[in-house]
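# Structural characterization, general
Okay, here's what each chain looks like letter by letter:
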Amino acid sequence: DWSSDVCSSDLLTIVYRPGAGGLLGANTVANVPTGTLQILLAGNTMISTAIVNPGVATYDVAKDFVMLGYIGYVPMVTVVNSNSGIKNISDWKKACQVRKLSYGTAGNGSNTHVSSAVVNSTFGCESVAVPYKGAAPAVADFLGGHIDYLSDYETGVLPQIKSGKLNAIVVLDKKRSADLPDVPTIVELGNLQYNFYNWFALVGNSTATADQLTIAKRIFLQVLASTEVNEQLTKVGLRGRQQVNDDFLSTERRNFLQILRNANIKP
């Protein structure tokens, strides 16, 4: 039982593999040799970007990964510049009728792309998606007034909302945010079937041994039961922590196929 040693610095190596909306990191873990365990800090983009960019993903999310534990999700918020004259979703819909608006994304299939497309399809707005090499340059161009709106993680845009630089017009969740109590949710505004969530989880490669995966699951549950860890997760905006079924990844893939169809996002 290596559970007491698994987090020691000489055994645990953390590798950052950015790129292609998380696909590069997912590709790496999916192709680990048999008998070796690697753990991926995964998000729903490993599913959505793989569907939208099938030529980049070298894995089958349902076959190549094993769910170790669900960490939670962070709501997306659609925001506009406060100097745009748009204060709420009604103003935004009127602006959409006057001209074709543009929104920034961190690439095709990313959370920033899918969430904005969901907003567009919900309210019947045809807008232009402008892809960037990540969320940071998209936000920078947005703050500079080069694009009209953006859907981003609540934790990412909350400081600018609080400072008055941005107006939040809709929260993509079923419940209102405690940090933005006056901003309506997309469900309140009519999307009663809303089911898009940018979640985070730990997954392992299916080529690992059964013992390795069992121990990793047990350690994860022990860590997540820690009050200190839960407090830290709450501070960074994660919510909805729960246990999920072993078929969570395959279920989410079916879910995202429908989400992408509804939002008119094609490969």
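As the structure is a prediction and not an experimental result, all values here were calculated from the model.

### Digging into the packing of helix H4 (residues 89-98) against helix H5 (residues 111-123)
For the pair H4 and H5, interaxial distance at closest approach is 11 Å and the crossing angle is 80°. Taken together, H4 and H5 sit at an angle that is classed as roughly perpendicular. In this structure, H4 uses Ile89, Trp92 and Lys93 to contact H5, whose residues at the interface are Val119, Asn120 and Phe123.

### Overview of the pattern of salt bridges
A full pass over the atoms with the stated rule returns 4 salt bridges. Close ionic contact of Arg176 with Glu188 constitutes a salt bridge, the shortest N to O distance being 2.8 Å. Placement of the pair is Arg176 in the loop between strand E7 (166-172) and strand E8 (199-205) and Glu188 in the loop between E7 and E8, with a sequence separation of 12 residues. By relative accessible area, which is 46% here, Glu188 ends up partly exposed.

### As for the environment of Ser206
Looking at where Ser206 falls in the secondary structure, it is placed in the loop between E8 and helix H8 (210-224). Separated by 10 residues in sequence, Ser206 and Ala216 place their C-alpha atoms 13 Å apart. Residue contacts for Ser206: discarding those within four places in its chain leaves Lys63, Asp64, Phe65 and Val66.

### Section: the pairing of strand E3 (residues 76-81)
When you tally the buried positions in E3, you get 6 out of 6 residues, the bulk of the element. Burial along E3 is two-sided: the residues Met76, Thr78 and Val80 and Val77, Val79 and Asn81 are all buried. Bridging between E3 and E7 involves 6 bridges; their strand directions are antiparallel. Bridging across to E7, Val79 finds its partner in Ala168.

### Here we look at the side chain of Ser177
Turning to its location among the elements, Ser177 is positioned in the loop between E7 and E8. There is a polar contact of 2.6 Å between the side chain of Ser177 and the side chain of Glu154. Here Ser177 is in contact with Glu154 and Arg239, once residues within four sequence places are set aside.

### Some remarks on H8
Each full turn of the α-helix corresponds to 3.6 residues, which orients residues three or four apart in the same direction. The end-to-end C-alpha separation of H8 is 21 Å, in line with the 21 Å expected for 15 residues at 1.5 Å each. By the burial criterion, the buried members of H8 are Gln212, Leu213, Ile215, Ala216, Ile219, Phe220 and Leu224. Here the buried residues of H8 occupy an arc of 165° about the axis, which is enough to place them on one side. Of the residues in H8, the exposed ones pointing more than 90 degrees away from the buried face are Ala210 and Asp211. Against the buried residues of H8 lie strand E1 (39-43), strand E2 (65-73), E8 and helix H9 (227-235).

Definitions and limits used
Residues numbered from 1 in each chain as written. Predicted model: local features only at pLDDT ≥ 70, side-chain atom pairs only at ≥ 80, totals over all residues. Heavy atoms only, no water. Axes fitted to C-alpha atoms, helices over the stretch in contact; angles between N-to-C directions. Helix = DSSP H or I, 4+ residues; strand = E, 2+ residues; numbered from the N terminus. Parallel < 35°, antiparallel > 145°, perpendicular 65-115°, else oblique. Contact = heavy atoms within 4.5 Å. Salt bridge = Lys/Arg side-chain N within 4 Å of Asp/Glu carboxyl O. Buried < 20%, exposed > 50% of the residue type's maximum accessible area, 1.4 Å probe, protein only. Pairing = 2+ DSSP bridges. Polar contact = N/O pair within 3.5 Å; in protein donor to acceptor, adjacent residues only side chain to side chain. Expected span 1.5 Å × (residues − 1). Arc of directions from axis to C-beta.

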